[in-house]
4 protein chains.
Amino acid sequence: MSGNYGTTFPRLRDAAGTVWRDYTRHAFVEGLRDGSLPRAAYLGYLVQDYIFLIHFARAWALAVTKAETVEEMRACTATVDALVNGEISLHVKTCAEAGLSEADLFGAEEHPANLAYTRYVMDAGHSGDFLDLLVTLAPCVMGYGEIGARLAHGMDADHAYADWIGTYAGAEYQQVCAEAGALLDGALARRLGPRFDELPRWTTLCRRFTEATRLEVGFWQMGLAP
Amino acid sequence: MSGNYGTTFPRLRDAAGTVWRDYTRHAFVEGLRDGSLPRAAYLGYLVQDYIFLIHFARAWALAVTKAETVEEMRACTATVDALVNGEISLHVKTCAEAGLSEADLFGAEEHPANLAYTRYVMDAGHSGDFLDLLVTLAPCVMGYGEIGARLAHGMDADHAYADWIGTYAGAEYQQVCAEAGALLDGALARRLGPRFDELPRWTTLCRRFTEATRLEVGFWQMGLAP
Amino acid sequence: MSGNYGTTFPRLRDAAGTVWRDYTRHAFVEGLRDGSLPRAAYLGYLVQDYIFLIHFARAWALAVTKAETVEEMRACTATVDALVNGEISLHVKTCAEAGLSEADLFGAEEHPANLAYTRYVMDAGHSGDFLDLLVTLAPCVMGYGEIGARLAHGMDADHAYADWIGTYAGAEYQQVCAEAGALLDGALARRLGPRFDELPRWTTLCRRFTEATRLEVGFWQMGLAP
Amino acid sequence: MSGNYGTTFPRLRDAAGTVWRDYTRHAFVEGLRDGSLPRAAYLGYLVQDYIFLIHFARAWALAVTKAETVEEMRACTATVDALVNGEISLHVKTCAEAGLSEADLFGAEEHPANLAYTRYVMDAGHSGDFLDLLVTLAPCVMGYGEIGARLAHGMDADHAYADWIGTYAGAEYQQVCAEAGALLDGALARRLGPRFDELPRWTTLCRRFTEATRLEVGFWQMGLAP
């Protein structure tokens, strides 16, 4: 379904069990897939997702401060840059067509489901180390990659949500996922060695990943019923 | 209705407008007041509130790291100590009577409304300074003081929630509120001077206070309908 | 020479090699031992050490925000309290006798050697996790315990630095060291399991401990030649 | 002497008094100017400065997490990117000519004067807000701009340190200074309004700037006598 996101991510995903499916097959996602998602719901989601990406960029910036090698720093810096200068341009462009400026987006009232997820990620970073932060960022990064790839499969050219699907299915975003996967694999090995999965630390990391995934489910839910 | 919580708190409360009333007169609170709140809802709330207080203690500990005088450090340290060794004992005791150990409480699944509030406070502290942190802590500290004082007024001795009301109406907790109010007044004057309310900074602080109050409303809502 | 500071500390100390001896047998320490340390140097050191303890308390408060169990939170909270309300009283009392108020101490210009050590500890905490913070706190906590115990051995009652030596050799401070040792042992096992010393993580932790010890050497050096 | 670095920076610089001159006219700088600085001292400095820039990039990344507008975020992100992908290339290239790889640089032992400065900046950011962080970053950013511009004046083409001087006197780096100055001006006005200099907060910010400048003096001193 998806590209090669490394070896750690699939194990975290498996550890999340059905929560992963609740997230990647959520009714909101299915509405994007078959085009039945009301436009108003989509726009409401985009506004919240813009705010989400702002805090997501903050979290990747926090990762820069917690990296242990210059390569880790550069990888995280590239992601911050991609987020604040790239990915949000889809949101800014689409919302501009609907009459919302970027200042409107930045100043929009943040939904509690948004606060819950983004601030959980920030706090995972502040209370833990680089790994705690990466595993709470992973569900969003790779989840969107998986969803985008699945929805793009056999999609019509005039699909109502072709822009969104194209963004996440595209080669550029899939490359982001591949690099995030490699970053996670390397960071884990560099700190915890090859048998990391025998450590209590691994259980904690899996729990954080699952928690973040659960909060992604809440985010879609907000998109359906703000 | 309440004791003397300083001069800044009433101004923040006024700036929050109806959101403050939504919080302090919430249906959950009224259920505590007239005793109509179902016991199961109360216990569910206590479990979440235990987790809340753990993160609240973390936030006061963060304040210790951000203080600018030794008196500010001591005031915040005393609050951390009061929280992890004092206030949560009501929760631990009541939940123990219902068969829940402290380990059960610490390990309980955290509700998104809980995550949203507590992590918002932590992030306000990490992204801002001592004042940003204090004004997001204030709605909880002083709000419970106001609610406790109001509910204790004319309360029967055999009130179903006498323990809870007594904790927050009691002299000890009211003193905590008075000290938090004095800490806030002093911290504000020490940084922003006597005409702080003419600064853009003040608008930001009011907005943070209102946001935290809004998240308190969500917390009560969770208590009614988890 | 010292009491039981747990099983992890001696391993970290061994990994630090001669740097540990450079610290615990520094000329400043030997001057305290035989009473030859000039009073002015001692007072200058006390002023810097007061500032040091303020930041040390901040670091333990940061540990409260990074703990993973309520017991870890309580242990760290107790240490913050002991520091801001206890250990610094030796400094405040002695400096008061020399005409310096606590406000003088708090506002004293901080020596770069002091900045280097304390801010290194804070940054270890912010960039890493609970363990990174604990291992940079350990050289100070346990080093002073070791030094105090050694210097108290056969000390005359009218020793010039009996107050200082008595503080760190005393049962109360030795108990602090024992508890810090137990906290470290427990925290390490809880996260990295019984074979933590085979992990790259352990090498990083040893390096941090050694770095902090090296900065302790610089702190004594400052005491001799401010 | 220098370009237009905004209106706040000159006021902070004036408040620093002679410390600013101690920094920008340090013997190390004069050695760069007249070419008398021994090559070994220069290389030793470059190694430490590489490590410095790594932590400087971390500090700008921390600023991304503390920004209050998307423009502030973008400005700080651009600086992180410029540091980890740009400015350090001078260091990497020059050190490579002397046989040192980037891994050697990243793993070099950090001098206490380096630790003192960089971790002071990080802690200013963590304990304060965006402004506390910016004013501790400013002495380095703008100081190097001023020094570069002064040293480039009338410099021979075959100057021993033409690379270094050219980097900091160049249009690209001077633009970085201009943008940092504008960022500081805007951030201050946005938070504290037009009469910020009447607030206690301003005194604190000046003190932080002066402290950071003092630590820059120590950094040059280290360059002369490691």
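Residues numbered from 1 in each chain as written. Chains lettered and ligands numbered in written order. Predicted model: local features only at pLDDT ≥ 70, side-chain atom pairs only at ≥ 80, totals over all residues.

## Notes on the overall build of chain A
Regarding its fold elements, chain A presents 11 helices and 0 strands. Ordered by position from the N terminus, the helices and strands of chain A form the series α-α-α-α-α-α-α-α-α-α-α. Scaling as 2.2 N^0.38, a compact globule of 226 residues should have a C-alpha radius of gyration of about 17 Å, and chain A matches this with 17 Å. With the principal axes as the frame, chain A shows a C-alpha extent of 50 × 35 × 30 Å. A separation of at least 24 residues holds for 81% of the contacts in chain A among residues at least 6 apart in sequence. (Helix = DSSP H or I, 4+ residues; strand = E, 2+ residues; numbered from the N terminus. Rg over C-alpha atoms; globule rule 2.2 N^0.38 Å. Contact = placed C-beta atoms within 7 Å.)

## As for the confidence of the model for chain A
With 99% of its residues at a pLDDT of at least 70, chain A reaches an overall mean of 94. When mean pLDDT is taken per element in chain A, helix α2 (residues 18–24) of chain A scores highest with 98 and helix α6 (residues 102–107) of chain A scores lowest with 88. (pLDDT = per-residue confidence, 0-100.)

## Some thoughts on the relation of the copies chain D and chain C
It takes a turn of 180 degrees to lay chain D on chain C, together with a shift of 0.0 Å along the axis; the resulting RMSD is 0.0 Å. Such a turn and shift between the copies fits a two-fold axis. Taking C-alpha positions as reference, the residue of chain D nearest the rotation axis is D:Ala116, located at 1.9 Å. Same-surface contact between copies: 100% of interface residues of chain D are shared with the interface of chain C. (Least-squares fit on C-alpha atoms with pLDDT ≥ 70 in both.)

## Remarks on the interface of chain D and chain C
Contacts between the two partners involve 11 residues from chain D and, on the opposite side, 11 residues from chain C. Elements supplying a minimum of two residues to the side of chain D that touches chain C: α7 (112–127) and α11 (200–224) of chain D. With 9 residues, the top contributor of residues to the side of chain D that touches chain C is α7(D). Of the residues that constitute the side of chain D that touches chain C, the class distribution is 7 nonpolar, 2 polar and 2 charged. (Nonpolar A, V, L, I, M, F, W, Y, C, P; charged D, E, K, R; others polar.)

## A few points about the relation of the copies chain D and chain A
Each copy of the sequence occupies a distinct position, and chain D is placed on chain A by a rotation of 180 degrees and an axial shift of 0.0 Å, giving an RMSD of 0.0 Å. A high fraction, 100%, of the interface residues of chain D reappear at the interface in chain A, so the copies pair face to face through one surface.

## Brief notes about helix α9 (residues 162–169) of chain A
Residues and elements named next belong to chain A. Of the residues making up α9, those classed as buried are Trp164, Ile165, Tyr168 and Ala169. Buried residues of α9 fall within an arc of 115 degrees about the axis and therefore sit on the same side. Against α3 (27–34), α8 (130–152) and α10 (171–192) lie the buried residues of α9. (Buried ≥ 20, exposed ≤ 12 C-beta atoms within 10 Å, placed from the backbone. Arc of directions from axis to C-beta.)

## Focus on helix α5 (residues 70–97) of chain A
Counted at 1.5 Å a residue, the expected span for α5(A) with its 28 residues is 40 Å, and the 40 Å between its end C-alpha atoms agrees. In the structure, α5(A) departs most strongly from a straight axis at A:Ile88, where the bend amounts to approximately 50 degrees. Within α5(A) the residues assigned to the buried category are A:Met73, A:Ala75, A:Cys76, A:Thr77, A:Thr79, A:Val80, A:Leu83, A:Val84, A:Glu87, A:Ile88, A:His91 and A:Cys95. Contact partners of the buried residues in α5(A): α4 (39–66), α6 and α10 of chain A together with α4 (39–66) and α5 (70–97) of chain D. With its phi angle positive at about 90 degrees, A:Gly99 sits one or two positions after the end of α5(A). (Expected span 1.5 Å × (residues − 1). Bend = angle between axes of the 7 residues up to and from the residue.)

## With respect to the interface of chain D and chain A
Contacts between chain D and chain A engage 17 residues on the former and 17 residues on the latter. When contributions to the side of chain D that touches chain A are tallied by element, the ones reaching two or more residues are α4, α5 and α6 (102–107) of chain D. Per-element accounting of the side of chain D that touches chain A gives the leading share, 8 residues, to α5(D). For the side of chain D that touches chain A, the class distribution of residues is 10 nonpolar, 3 polar and 4 charged.

## Some remarks on the environment of D:Leu184
Residue and element names in this part refer to chain D. Considering the arrangement of structural elements, one finds Leu184 in helix α10 (residues 171–192). In this structure, the C-alpha to C-alpha distance between Leu184 and Leu105, residues 79 residues apart in sequence, is 31 Å. Residues in contact with Leu184, not counting those within four places in the same chain, are Gly6, Thr8, Phe9, Leu134 and Ala138.

## Some remarks on the packing of helix α4 (residues 39–66) of chain B against helix α5 (residues 70–97) of chain B
Residue and element names in this part refer to chain B. Close contact between α4 and α5 brings their axes to 9 Å; oriented N to C, the two are set at 165 degrees. The angle between α4 and α5 falls in the class roughly antiparallel. Note that α4 runs across α5; the crossing there is left-handed. Contacts between α4 and α5 involve Leu43, Leu46, Val47, Asp49, Tyr50, Leu53, Phe56, Ala57, Trp60, Ala61, Ala63 and Val64 from the former and Met73, Cys76, Thr77, Thr79, Val80, Leu83, Val84, Glu87, Ile88, His91, Thr94 and Cys95 from the latter. Class assignment of the residues belonging to the contact of α4 with α5 gives a composition of 18 nonpolar, 4 polar and 2 charged. (Axes fitted to C-alpha atoms, helices over the stretch in contact; angles between N-to-C directions. Parallel < 35°, antiparallel > 145°, perpendicular 65-115°, else oblique. Left-handed = near helix turned anticlockwise from the far one by under 90°.)

## Points about the packing of α4(B) against helix α4 (residues 39–66) of chain C
Between α4(B) and α4(C), the shortest axis-to-axis distance is 8 Å and the interhelical angle comes to 155 degrees. As summarised for this structure, α4(B) and α4(C) are arranged roughly antiparallel, according to the angle between their axes. Our pair here, α4(B) against α4(C), has a crossing hand that is left-handed. For the pair α4(B) and α4(C), the contacting residues are B:Ala57, B:Arg58, B:Ala61, B:Leu62, B:Val64 and B:Thr65 in the first and C:Ala57, C:Arg58, C:Ala61, C:Leu62, C:Val64 and C:Thr65 in the second.

## Structural notes on the environment of C:Ala160
Residues and elements named next belong to chain C. Relative to the assigned elements, Ala160 resides in the loop between α8 (130–152) and α9 (162–169). C-beta crowding within 10 Å serves as the criterion here: with 16 such atoms nearby, Ala160 is assigned to the partly exposed category. As a C-alpha pair, Ala160 and Leu37 span 123 residues in sequence and 9.2 Å in three-dimensional space.

## Observations concerning the environment of D:Asp185
Residues and elements named next belong to chain D. If you trace the backbone, Asp185 turns up in helix α10. Taking the number of C-beta atoms within 10 Å as the measure of exposure, Asp185 has 15 and is therefore partly exposed. With 16 residues separating them along the chain, Asp185 and Ala169 place their C-alpha atoms 22 Å apart. Once residues lying within four places of it in the same chain are set aside, the contact partners of Asp185 are Gly6, Thr7 and Thr8.

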